[in-house]
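Architecture at a glance
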Amino acid sequence: MRIAVTGATGVLGQEAVEALVAAGHEVTGITRRDSGVPIIEGRGGGAAVADVFDPSDLARAFRGYDVVVNALAHVPVGMAGLRPLSWREDDRLHLEASVAIARAASEAGVRKLIQESTIYLYPDNGSEWIGEDQRLSVRNQAFRPRVAEMRAAVDFASADRSSVVLRLGQLFGRDPHTTHALKATREGDPILLGKPENYVTLLHHSDAGRAFVAALRADSGFYNVGGEPITKARWAKDLAMEAGVATPAKFYPEITQAIVGTRLDTQRRSLRVSSLRFMSETGWRPTVGPSTPGWSRR
């Protein structure tokens, strides 16, 4: 298949390009700047420069492609997320660019849209499992960009077009967020939000890339994608093991957690998310877990 990938210079987009190329597809990564071309080519894909906020420019770039994969995101690292302005770029990507991408793909005759999303739209559910039928917790205005993105993906679907929305688990691997977490763990600084008994559903970047390949086989709909959920206490130990220290990663004091705001408050939630539907329908399975030695270098 001929596949275009937006967000192709980001960590997630690069993994998608590499996995799709490895699966034998003709892949073109879309980048806003010429400087992104060698990054995409380094992952084995072709590259095209286009403005992701311009539907007409995107339609030109998408014409002749079977599938568009949208992996755009720009999440601030660590407690920088406390600053509202630090989310401005990420919000604009979801609110404007993702909507433009869905509309342009429709105009260009693309038959399938695969949209990145997140499990952090689910509410805290304690130790109970979360499936795709769980009601989302997105009433706050902070989630408006993600809601607009989802609606655009749903509107793309029709009798002859399919739309797959992947609600990805917390990503870990070779990325700035994980690097920041490992550094904090080595230095004994707090890094984790929530309670030790809460659940976290993790997804290694390489498995996320493979999930985009698997999504080519999926029917229209929403799918959870993650590994086996573990407690945050277990994740604290896994971070320490990967960081090469004996003391588990520390949690922020409760008084600090109480003032993190809506954006980071999602990371306090207990999310025991089931990916059974996606695994059953596509055959995808996670291959790298938090106990896999050397996962931060893969």
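Each remark here, short or long, concerns the structure printed above.
1. Focus: the packing of helix 1 (residues 11–22) against helix 7 (residues 205–214)
- Interaxial distance between helix 1 and helix 7 falls to 8 Å at its minimum, and their mutual angle equals 55°. It follows that helix 1 is oblique to helix 7 by the angle criterion. In this structure, helix 1 crosses over helix 7, and the sense of that crossing is right-handed. For the pair helix 1 and helix 7, contact is made by Val11, Leu12, Glu15, Ala16, Ala19 and Leu20 and by His205, Ser206, Ala208, Gly209, Arg210, Phe212 and Val213, respectively.

2. So, the sheet that holds strand 2 (residues 26–31)
- The strand order across the open sheet formed by 7 strands is 3-2-1-4-5-7-12, and the pairing between neighbours is parallel. In this open sheet, the two edge strands, each paired with only one partner strand, are strand 3 (46–49) and strand 12 (221–225). Across the sheet, the axes of successive neighbouring strands diverge by a mean angle of 25°, strand direction being ignored.
- Where strand 5 (residues 112–118) and strand 7 (residues 162–168) come together, 7 bridges link them in parallel fashion. Opposite Lys112, over in strand 7, you have Ser162 as the bridge partner.
- In the packing of helix 1 onto the sheet, contacts are made with strand 1 (2–6), strand 2, strand 4 (67–70), strand 5 and strand 7, and the angle to strand 1 comes to roughly 170°.

3. Side note on the nonpolar core
- In this structure, Val5, Ile114, Leu166 and Phe278 are the most contacted members of the largest nonpolar core, which totals 31 residues.
- Elements supplying a minimum of two residues to this core: strand 1, helix 1, strand 4, strand 7, helix 7, strand 12 and helix 11 (276–282).
- Apart from the residues lying within four places of it in its own chain, the contact partners of Phe278 are Leu166, Ala211, Ala214, Ala215, Tyr223, Asn224, Val225, Gly283 and Trp284.

4. Describing helix 1
- Taking 1.5 Å per residue, 12 residues should reach 16 Å; helix 1 reaches 17 Å between its end C-alpha atoms and fits that length.
- By the burial criterion, the buried members of helix 1 are Leu12, Gly13, Gln14, Glu15, Ala16, Val17, Ala19 and Leu20.
- Gly24 occupies a position one or two residues after helix 1 and carries a positive phi of about 95°.

5. A few points about the pattern of salt bridges
- Inspection of every chain in the model, using the stated rule, returns 14 salt bridges.
- As a salt-bridge pair, Glu26 and Arg2 come within 3.1 Å of each other at their nearest N and O atoms. Placement of the pair is Glu26 in strand 2 and Arg2 in strand 1, with a sequence separation of 24 residues.
- For Glu26, a relative accessible area of 43% puts it in the partly exposed group.
- The salt bridge partner of Glu96 is Arg92, with a shortest N-O separation of 3.2 Å. One end of the pair is Glu96 and the other is Arg92, both in helix 4 (residues 88–107) and 4 residues apart, which spans about a single turn.
- According to the relative accessible area criterion, Arg92 is partly exposed, its value standing at 36%.
- Three or more residues are tied together by salt bridges with common partners; here these are Glu116, Arg146 and Glu149.

Conventions adopted
All residue numbers here refer to positions counted from 1 along the written sequence of the relevant chain. The model is predicted, so local features are restricted to residues of pLDDT at least 70 and side-chain atom pairs to those at 80 or more, both for listing and for counting; the totals for chains, interfaces and linings are taken over all residues. The side-chain figures draw on all heavy atoms in the structure; neither hydrogens nor water molecules are used. Every axis in this analysis is a line fitted to C-alpha atoms, fitted for helices over the stretch in contact. Angles between the N-to-C directions lie between 0 and 180 degrees. Numbering of helices and strands starts at the N terminus; helices are DSSP runs of H or I of at least 4 residues and strands are runs of E of at least 2. Here roughly perpendicular refers to angles of 65 to 115 degrees, roughly parallel to angles under 35, roughly antiparallel to angles over 145, and oblique to all remaining angles. By convention, the crossing between two helices is left-handed when the near helix turns anticlockwise from the far helix through less than a right angle, and right-handed when the turn is clockwise. Here, two residues are considered to be in contact whenever any of their heavy atoms come within 4.5 Å of each other. When DSSP locates at least two bridges between a pair of strands, those strands are taken to pair. Note on terminology: a nonpolar core comprises buried Ala, Val, Leu, Ile, Met, Phe, Trp, Tyr and Cys residues joined through side-chain atoms within 4.5 Å. Throughout this description, buried means an accessible area under 20% of the type-specific maximum (1.4 Å probe, protein chains only), exposed means over 50%, and partly exposed covers the range between. Every helix has an expected span of 1.5 Å times one less than the residues it contains. One speaks of a salt bridge when a side-chain nitrogen belonging to Lys or Arg is within 4 Å of a carboxyl oxygen belonging to Asp or Glu.

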